[in-house]
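Residue-level listing of the chains:
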Amino acid sequence: MTIDVATGIVRILKQEGVGWVSTFPVCRVNNALGREGVPMLMMRDDRYAVAVADAFSRITAGSRIGVCTFQGGVNAAGMQYAYAGMAQAYEDGSPVLCITDGVPAGASGNSQYDVASAMKTVSKWFGYLDKPERTPELMRRAFTMLRSGRPGPVILAIPNATATYDETADPYRPVKGWKSAPDPADVRAAVDQLLRARNPLIYAGEGVIYAGASEDLKALAELVNAPVITTLKAKGAFPENHPLFVGVRGDQVAHYLNKSDLILAVGSSLSPGRFSHGIPDPAKKTIIHCNVDELHINKMYPTAHAVIGDARLTLQALRQEVSGRTPGAGRNAGDVAAEVKAARDQGLARYRQVMNSGETPINPYRVYGDLMEVLDLKNSFVTHESGNTRDQLSTVFDTLIPRGFLGWGNVSTLGFSLAAAIAAKKAFPQRATVAVTGEAGLGYMLGNLEVLLREKLGITVAHISNGGFAGYGPGFWGPGHDPFTHRVLGPDEVDMSKVIGALGFHTERVSEPAEVIPALRRALEVNASGRPAYIEFVCCQYPVYGQWVGRGEG
Ligand SMILES: Cc1ncc(C[n+]2csc(CCOP(=O)(O)OP(=O)(O)O)c2C)c(N)n1
Ligand SMILES: [Mg+2]
């Protein structure tokens, strides 16, 4: 059977279980998506087309691959705008598939912007379909890259979507994806050190979530009786009501990072970027680094022992080795759980206090505390924005299931929370879904709010409305830092609930702390029937949250 390239790609996507594709027009593959009956989620700009697909891959831990299309080729306007989304997916290692038009043969060098070189900087793999017969080959490679090894975006450029080939010549079979198990000698060496350590700390990264290894992480932590911290992106990899859970950030996390003599890092790059901890006094600690590949080994800190392989297989091997060495009993280390509880209680005390605050304007922690009370934390999804909402929620929000909360951003691009909430609704339609944002994130989202109405996505946008970029307030980062770029029109000047209400959202404006819970309940109830909601919480600026440790200035 002779078919055109676009149709071939779409049929392969169907074979790979792709149920919908996010897009911003125009991309020639879209015609075949329409003809073949694959729903398109049309966003209102190209960056969000990428971000929704990216977030879908993250939220489903790569078990369902998010796919997007956008404009490319000679008129790469869409791609230039989508670049921000791809850069973010690349930065955070998200296995998203981006399909775009390629520059046709004979047209290279026509525009200033060079598609191939730009795309190579933001992808794990960039494929250019230079011959229609290669459609199955490139799709196989794409899904191999997406489902195996270190996750990252794959970009395919299709220069001629209407060229034809024989579909039966190289029949496509879905790609399974492969995992690697660690070298047993490395596992033994790691466990030697682990059992010798006085104060080991488990440092869990997002690789644990991608590997579906949360249960194994819990079992290992219990076996070695060691406290656990997670990165922002791994928040939820370990149940945050577990007695061994220390936190993502906060004084108690700093305490354990400082106190530890051994760090067992699993599924984390250990890169002290903008939004993660560094390792304080690394030369005085033994760092055991379990990662899916070598890219991050010996990167910022000397690795004492690397254990290279899939996080789940690694954790299982470590468990087995520890059990074997300690006749099933694990590591006897005293009452670690009681120490963790005391440290957590102390570290969280000042936040717990403001979670009950009756002050006006409302303290943002009051909103977070009330949100935790209203939501079923085992059947909901919350995400933050760039700014104080990230810093505050990652300090106090209790996440009980993997991806009950999406932490994101090695660097964090404003506006992603809306994309994350949309993707969460697509992934788990039954879960209450809340994006918490400040005014900067809201500004990025505004054009895309229409999508929620059109697609009947019952999501609540909770706006911590504080009239400015609170983290950039005068003097917050010391004299001279950004005090000139922090004020925007706030709740006294603009009523965003009216603005967004006029679009068709259920909206409320809440100024009284006692109204936070009832307003959230009303919003979630409206969401259940597919209507989006926006709540403006009139809040004070309160740039107080747990700090990142061991990174110096910056
Ligand atoms: C695309 C992008 N540009 C710039 C930034 C830098 N940035 C981070 S937070 C922020 C302002 C946040 O202010 P707001 O949304 O009001 O949140 P608040 O901290 O007041 O709660 C800015 C400009 C960013 N994260 N992403
Ligand atoms: Mg603000």
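Structure shown above.
Quick caveat: nothing in here was measured; it's all calculated off a predicted structure.

### Observations regarding the site of ligand 1
Residues in contact with ligand 1 amount to 17 residues; listed here are only the nearest, Ser 386, Ser 412, Ala 440, Gly 468 and Ala 470. Separating a nitrogen atom of ligand 1 from a backbone N or O atom of Leu 414 is a distance of 3.1 Å. Take Ala 440: an N or O atom from its main chain is 2.8 Å from an oxygen atom of ligand 1. Considering ligand 1 on its own, with 590 Å² of exposed area, one finds that the protein chains cover 79% of that surface. Residues belonging to the shell around ligand 1 are distributed by class as follows: six nonpolar, 10 polar and one charged.

### Looking at unusual backbone geometry
Cis rather than trans, the peptide bond between Pro 25 and Val 26 has omega equal to 15°. Within the secondary structure, Val 26 sits in the loop between β2 (21–23) and α2 (29–35). Of note, the amide linkage connecting Thr 360 to Pro 361 takes the cis form, showing an omega dihedral of -15°. Of note, Pro 361 is situated in the loop between α12 (336–355) and α13 (364–374). A positive phi angle, near 55°, is found at Asn 298, a position not held by glycine. With respect to the element layout, Asn 298 can be found in the loop between β13 (286–291) and β14 (305–308).

### Topic: helix α11 (residues 311–325)
Taking 1.5 Å per residue, 15 residues should reach 21 Å; α11 reaches 21 Å between its end C-alpha atoms and fits that length. Restricting attention to buried positions, one finds in α11 the residues Ala 311, Thr 314, Leu 315, Leu 318, Glu 321 and Val 322. Along the long axis of α11, the arc covered by the buried residues comes to 130°, so they all point the same way. Summarising the geometry of α11, the exposed residues directed more than 90 degrees from the buried face are Gln 320 and Gly 324.

Each value, and the rule that gives it
Residues numbered from 1 in each chain as written. Chains lettered and ligands numbered in written order. Predicted model: local features only at pLDDT ≥ 70, side-chain atom pairs only at ≥ 80, totals over all residues. Heavy atoms only, no water. Near = heavy atom within 4 Å. Polar contact = N/O pair within 3.5 Å; in protein donor to acceptor, adjacent residues only side chain to side chain. Areas by Shrake-Rupley, 256 points an atom, 1.4 Å probe, with all protein chains shown as cover. Nonpolar A, V, L, I, M, F, W, Y, C, P; charged D, E, K, R; others polar. Helix = DSSP H or I, 4+ residues; strand = E, 2+ residues; numbered from the N terminus. Expected span 1.5 Å × (residues − 1). Buried < 20%, exposed > 50% of the residue type's maximum accessible area, 1.4 Å probe, protein only. Arc of directions from axis to C-beta.

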